[in-house]
Amino acid sequence: MSVIVLKIGGSVLTDKGRSSTARPEHISRIAAEISQGLSSKLVLIHGAGSFGHHQAKEFGLKAGLNETSIKGIWPTHLAVKTLNGMIIDQLYQNGVYAVPIHPLSICVLKDGRLDSVCMDVIDELLSRGIVPVLHGDVAADRTRGIDILSGDQIIAALAKALNAKKVGIGTNVDGVYAKDFKIIEEISPSNIGIVKDALSGSGGVDVTGGMYGKITELMDLAASGIPSLVFNAETPGNVSGFLRGTCKGTLIHGD
Ligand code: IP8
């Protein structure tokens with residue numbers, strides 16, 4: 001059975017304007033939709049939102065390891081781990097057997113880019129029908145000491161490693177907007193220049209690049225033959241629709 005990789009953005013699950021503030025109504029609805037739509041093996045990834053971006057900024061984690069940032073590793077990891085626990089709790093309540101996989105424990109970066117992921121535990125859990133739930137995190141970096149690892153980078157690495165059949169990015173918008181505020185239905189190498197020009201950062205505190213960062217990661221994935229869909233996960237029915245193949249948004253593909 002092939003694998004689906006789904007990321008739900010931190011802007012859907014949390015209030016990005018207020019530190020460590022969840023949006024429990026969205027967390028429980030999305031958990032219920034995952035339960036309704038699930039028919040394949042699933043890896044779920046979630047963004048940090050206000051559980052992590054505020055802490056990462058406060059301690060300057062993107063500056064690499066120094067006297068200040070070292071003090072922020074645990075508060076940042078703890079914040080996003082807390083959000084992860086809330087999500088897993090709701091999945092369980094909806095009959096989805098999910099477990100936390102913290103990237104801090106299985107990923108190493110090099111110059112801010114994901115360099116290696118220990119896939120053993122993910123492979124093993126997936127083979128047993130258990131849903132691994134990863135998240136954006138602080139992570140060890142071979143050159144910088146530490147850095148922030150966005151869930152967007154994790155999507156691309158896992159989708160490639162698992163040869164995913166489908167990748168979804170649930171955000172708080174209907175897809176990627178063009179300059180005329182219309183949704184761009186498809187992004188491919190033929191229009192990426194125009195698209196990048198139209199992109200701007202997401203609202204609130206985001207240390208990992210907002211929509212521009214996402215599209216860069218997804219174009220890389222598309223180049224290796226794995227298409228992805230950016231869709232609105234705040235619209236009820238879209239998460240289960242994505243899992244069933246009926247959801248609309250912006251399709252990112254390689255040709
Ligand atoms: O929200 C960022 O992950 P993202 C992770 O997926 C932290 O970009 C800790 C800020």
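Residues numbered from 1 in each chain as written. Predicted model: local features only at pLDDT ≥ 70, side-chain atom pairs only at ≥ 80, totals over all residues. Heavy atoms only, no water.

A. Up close: the overall build of the chain. Looking only at helices and strands, one finds 10 helices and 14 strands in the chain. In terms of overall size, the chain behaves like a compact globule, its C-alpha atoms giving a radius of gyration of 17 Å where 255 residues would be expected to give roughly 18 Å. Its C-alpha atoms give the chain principal-axis dimensions of about 50 × 45 × 35 Å. Residues counted as buried form 54% of the 255 residues belonging to the chain. (Helix = DSSP H or I, 4+ residues; strand = E, 2+ residues; numbered from the N terminus. Rg over C-alpha atoms; globule rule 2.2 N^0.38 Å. Buried < 20%, exposed > 50% of the residue type's maximum accessible area, 1.4 Å probe, protein only.)

B. How the structure looks around the sheet that holds strand E12 (residues 186-187). The strand order across the open sheet formed by 8 strands is E3-E6-E2-E1-E9-E13-E14-E12, and the pairing between neighbours is mixed. Strands with a single pairing partner mark the edges of an open sheet, and in this sheet they are strand E3 (98-100) and E12. Of the strand pairs in this sheet, strand E1 (residues 3-8) and strand E2 (residues 41-46) are connected by 6 bridges, and their pairing is parallel. Along E2, the bridge assignment pairs Ile 8 with His 46. (Pairing = 2+ DSSP bridges.)

C. Spatial organisation of the packing of helix H2 (residues 24-37) against helix H4 (residues 73-93). One can describe the packing of H2 onto H4 by two numbers: an axis separation of 8 Å at closest approach and a directional angle of 45°. Taken together, the axis directions place H2 and H4 in an arrangement best described as oblique. Between H2 and H4 lies a crossing of right-handed hand. Residue-level contacts link Ile 27, Ser 28, Ala 31 and Ile 34 of H2 to Leu 83, Met 86, Ile 87, Gln 90 and Leu 91 of H4. (Axes fitted to C-alpha atoms, helices over the stretch in contact; angles between N-to-C directions. Parallel < 35°, antiparallel > 145°, perpendicular 65-115°, else oblique. Left-handed = near helix turned anticlockwise from the far one by under 90°. Contact = heavy atoms within 4.5 Å.)

D. Just helix H7 (residues 151-161), in detail. With 8 of 11 residues buried, H7 lies mostly within the body of the structure. Just beyond H7, the residue with positive phi is Asn 163, at close to 50°.

E. The arrangement of the environment of Glu 67 in detail. Residue placement: Glu 67 occurs in the loop between helix H3 (53-58) and H4. Residue classification places Glu 67 among the exposed positions, given a relative accessible area of 72%. Between the alpha carbons of Glu 67 and Asn 232 there is a distance of 40 Å; along the sequence they are 165 residues apart.

F. Broad picture of the sheet that holds strand E4 (residues 107-110). A sheet is described by the order of its strands in space; here 4 strands give the open sequence E5-E4-E7-E8, paired in mixed fashion. The sheet is open, and its two borders are formed by strand E5 (113-117) and strand E8 (145-149), each paired with just one other strand. Each neighbouring strand pair of the sheet contributes to a mean axis angle of 45°, computed without reference to strand direction. With 5 bridges joining them, strand E7 (residues 137-141) and E8 adopt antiparallel strand pairing. In the strand pairing of E8, Asp 141 is matched with Gly 145. Its contacts with the sheet place H7 against E5 and E8, and it is angled at close to 45° to E5.

G. How the structure looks around the state of the cysteines. Taken as a whole and assessed by the stated rule, the structure comprises 0 disulfides. Cys 107 forms no disulfide, and the closest cysteine sulfur to it belongs to Cys 118, at a distance of 9.1 Å. (Disulfide = S-S within 2.5 Å.)

The values are spatial; any link to function lies outside them.
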